[in-house]
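# Observations on the model geometry
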Amino acid sequence: GGSLPGGPARRQPVPERFTRFDAHPGYQQIEMMREGARRLGLTDPFFKVHEGNAGATSVIDGREYLNFASYNYLGFSGDPRVNRAAWDAVERYGTSVSASRVVSGERPIHGELEQAIADAYQVEDAVAFVSGHATNVSTLGYLMGPKDLVLHDEYIHNSSLVGAQLSGARRISFAHNDAGALEALLARHRGQFERVLIVIEGLYSMDGDVPDLPRFIDIKQRHQAWLMVDEAHSFGVLGEHGLGLREHFDVPAGDVDIWMGTMSKAMAGCGGYIAGSRPMVETLRYLAPGFLYSVGLPAQVAAPSLKALELMREEPERVHRLHAVSRYFLEQARGMGLDTGHSIGAAVVPVIVGSSPLAAGLCHALFKRGINVQPILHPAVPEKSARLRFFLSCEHTHEQIDQTLEALAEELSLNRP
Ligand code: PMP
């Protein structure tokens, strides 16, 4: 074997910026953000430590806050019956399944959870992964390949983007919720690719808006593409019984090829799932790297989500309360002239304030007044749509919402440039 030109003997010294982590572009970005916060006299709004369960209220640094920053939409995290399911699972199964499910990690609770998910969707099968993020990475990454095309809403979650990139498929985004733009892309590109997958979300977590599902189904059928819907924020939230986007629009479950969701929001646990046809789900169960080469979901994580799902079906009034509270928040905020964007008033309501420093300043001011809400800053959203993002839960009361919106209106009038 020959050596490369200018071989080892004459190698240049490696510049320090390639060997030091504090020179990494990511670290530089963090430093810049901290410096910006310091100049504005703000505390870092990230990594706040909640001392107990985060519900409609939460204890941070010894003080109880009204909490609008957690996606415990149905109040199941902290529910004694859901806790009990976790305790019982630990007693029966221990704390780890100690292997990938495909070898010796399979436990009865896995099949029970997956059956309950498949039943909720009225589809043939479902498979549960240990992380929601890994579910999208592995599903897109495995199912799609270099001869394929992924078309996705521009606001799609990072996990789907990473999965699409990993797959090696061509990836094109379309304007948010713009089915017409998607159709134009399909008309132009469908013929050049083998498989085509369209990826949308059931409820967009920055805006609280929903796609026109029947229209997307019609388009995907006419162009022989697959449709994947990420229901991380819509399952447990949309529909009369919380059954998600399918129930919201009353479409047959089989019209969507890949239903994806997470157990980390309404289901009070951790992990992700894929639901749909048996061949699709089996392919993932036997072959998706994030499933095959990863430990099975611990029983004490699977069991509370199964319990939450059962309770949701027995107590649809929780879903109704979530709807009522979210609509109340939306209507009151709009009535006060706040910009809530396209939110439909289901669990997620943004208040768009138009600048990152203002959003960060409001978050800081509200926190001092006992209200915890997360700012969403550039570059997560464009600067002019920097916002406070409110997550509602069925346990919030109208009084808590009134108090919060009054405080926000006061702080806005004090802080507006
Ligand atoms: N999809 C969407 C739309 C999400 O918002 C998230 C995370 N919030 C995920 C996937 C990843 O889920 P998890 O946090 O459960 O890993």
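Residue numbers run consecutively from 1 along every chain, following the written order of its sequence. Per-residue local features of the predicted model are confined to residues with pLDDT of at least 70, and side-chain atom pairs are confined, for both listing and counting, to 80 or more; whole-chain, interface and lining totals are unaffected and use all residues.

Put simply, the rule reads: UniProt positions are given in the numbering used here, feature names are shortened, and annotations may be inferred rather than shown by experiment.
Under the annotation held in an unreviewed UniProt entry, the chain carries the name 8-amino-7-oxononanoate synthase and is attributed to Halomonas urumqiensis. What UniProt states about the chain under its Sequence similarities (unreviewed entry) heading is, verbatim, "Belongs to the class-II pyridoxal-phosphate-dependent aminotransferase family." What UniProt states about the chain under its Cofactor (unreviewed entry) heading is, verbatim, "pyridoxal 5'-phosphate".

## A word on unusual backbone geometry
Our working rule: In DSSP terms, a helix is any run of H or I states spanning at least four residues, a strand is any run of E spanning at least two, and both are numbered starting from the N terminus.
Here H378 and P379 are connected by a cis peptide whose omega angle stands at 10°. For P379, the position within the fold is in the loop between β12 (374-376) and β13 (387-391). For S98, which is not glycine, the phi torsion reads 60° and is therefore positive. Tracing the sequence through the fold places S98 in the loop between α2 (80-93) and α3 (101-105). A positive phi angle, near 50°, is found at D250, a position not held by glycine. Mapping D250 onto the fold places it in the loop between α9 (245-249) and β8 (258-262).

## What about the packing of helix α4 (residues 108-121) against helix α12 (residues 299-314)?
Using the following cut-off: Fitted lines through C-alpha atoms give the axes, limited to the stretch in contact for helices. The angle between two N-to-C directions lies from 0 to 180 degrees. In this scheme, roughly parallel covers angles under 35 degrees and roughly antiparallel covers those over 145, while 65 to 115 is roughly perpendicular and the rest are oblique. For a crossing to be left-handed, the near helix must be turned anticlockwise from the far one by less than a right angle; the clockwise case is right-handed. Note on contacts: residues are paired as contacts if their backbone-placed C-beta atoms lie within 7 Å. Residues are grouped as follows: Ala, Val, Leu, Ile, Met, Phe, Trp, Tyr, Cys and Pro are nonpolar; Asp, Glu, Lys and Arg are charged; all remaining types, including Gly, are polar.
Contact pair α4 / α12: the axes reach a minimum separation of 9 Å and the direction vectors enclose 30°. As the angle between them shows, α4 and α12 are arranged roughly parallel. Once α4 is placed against α12, the crossing between them reads as left-handed. Touching I109, H110, E112, L113, A116 and A120 of α4 are A299, A302, A303, S305, L306, L309 and E310, all from α12. For the contact of α4 with α12, the class distribution of residues is nine nonpolar, two polar and two charged.

## A short note on the site of the ligand
Inclusion rule: Defining nearness, a residue is near a molecule or strand when the C-beta atom obtained from its backbone falls within 6 Å of it.
The immediate surroundings of the ligand are formed by 14 residues, with G132, H157, A232, T262 and S264 found nearest. The element best represented in the shell around the ligand is helix α5 (residues 132-143), accounting for three residues.

## Some details on the environment of I376
Its location among the elements puts I376 in strand β12. Here the alpha-carbon distance between I376 and F249, two residues 127 residues apart in the chain, equals 29 Å. If sequence neighbours within four positions are ignored, I376 has contacts with M206, A359, V381, A386, R387 and R389.

## So, the UniProt feature "domain: Aminotransferase class I/classII large" (unreviewed entry) in the chain
The UniProt entry lists residues 64-408 under the feature "domain: Aminotransferase class I/classII large" (unreviewed entry), expressed in the numbering used here. Helix makes up 45% of residues 64-408 and strand 16%, and the two end C-alpha atoms of the span are 18 Å apart.

## Comments concerning the domain arrangement of the chain
Our working definition: Annotation comment: domain bounds sourced from an automatic or database domain assignment.
Each assigned domain of the chain is listed here: domain 1 (34-67 + 316-415) and domain 2 (80-314). Here the C-alpha centroids of domain 1 and domain 2 sit 28 Å apart. For the side of domain 1 that touches domain 2, the secondary structure elements donating two or more residues are α13 (316-335) and β10 (348-352). Sort the elements by how many residues they give to the side of domain 1 that touches domain 2 and α13 lands first, with four residues.

## Structural notes on the confidence of the model for the chain
Cut-off, in case you're wondering: The pLDDT score gives, residue by residue, the confidence of the prediction method on a 0 to 100 scale.
Taken as a whole, the chain shows an average pLDDT of 96; of its residues, 98% reach a score of 70 or greater. Here the predicted complex carries an ipTM of 0.99, next to a pTM of 0.95.

## What about the sheet that holds strand β2 (residues 63-67)?
This is how it is decided: We treat two strands as partners when DSSP finds at least two bridges between them.
Taken together, the three strands give an open sheet; going across it, the order is β1-β2-β11, and neighbouring strands pair in mixed fashion. Of all the strands in the sheet, the pair left with one neighbour each is β1 (57-60) and β11 (371-372). Pairing between β1 and β2: four bridges, direction antiparallel. Bridging from a neighbouring strand, I60 pairs with R63 of β2.

## What to know about α2
The condition that has to hold: By this rule the span expected of a helix is its residue count minus one, scaled by 1.5 Å. To assign burial, the other C-beta atoms lying within 10 Å of each residue's own C-beta are counted, with C-beta atoms placed from the backbone; 20 or more indicates buried, 12 or fewer indicates exposed, and intermediate counts indicate partly exposed. The arc in question is the one spanned by the directions pointing from the helix axis to the C-beta atoms.
Given a rise of 1.5 Å per residue, 14 residues ought to cover 20 Å, and the 20 Å separating the end C-alpha atoms of α2 matches this to within 8%. Of the positions making up α2, those classed as buried are V82, A85, A86 and A89. Burial along α2 is one-sided: seen end-on, the buried residues are contained in an arc of 95°. Residues of α2 that are exposed and angled more than 90 degrees away from the buried face: P80, R81, W87 and E91. Backbone geometry just after α2 places G94 at a positive phi near 80°.

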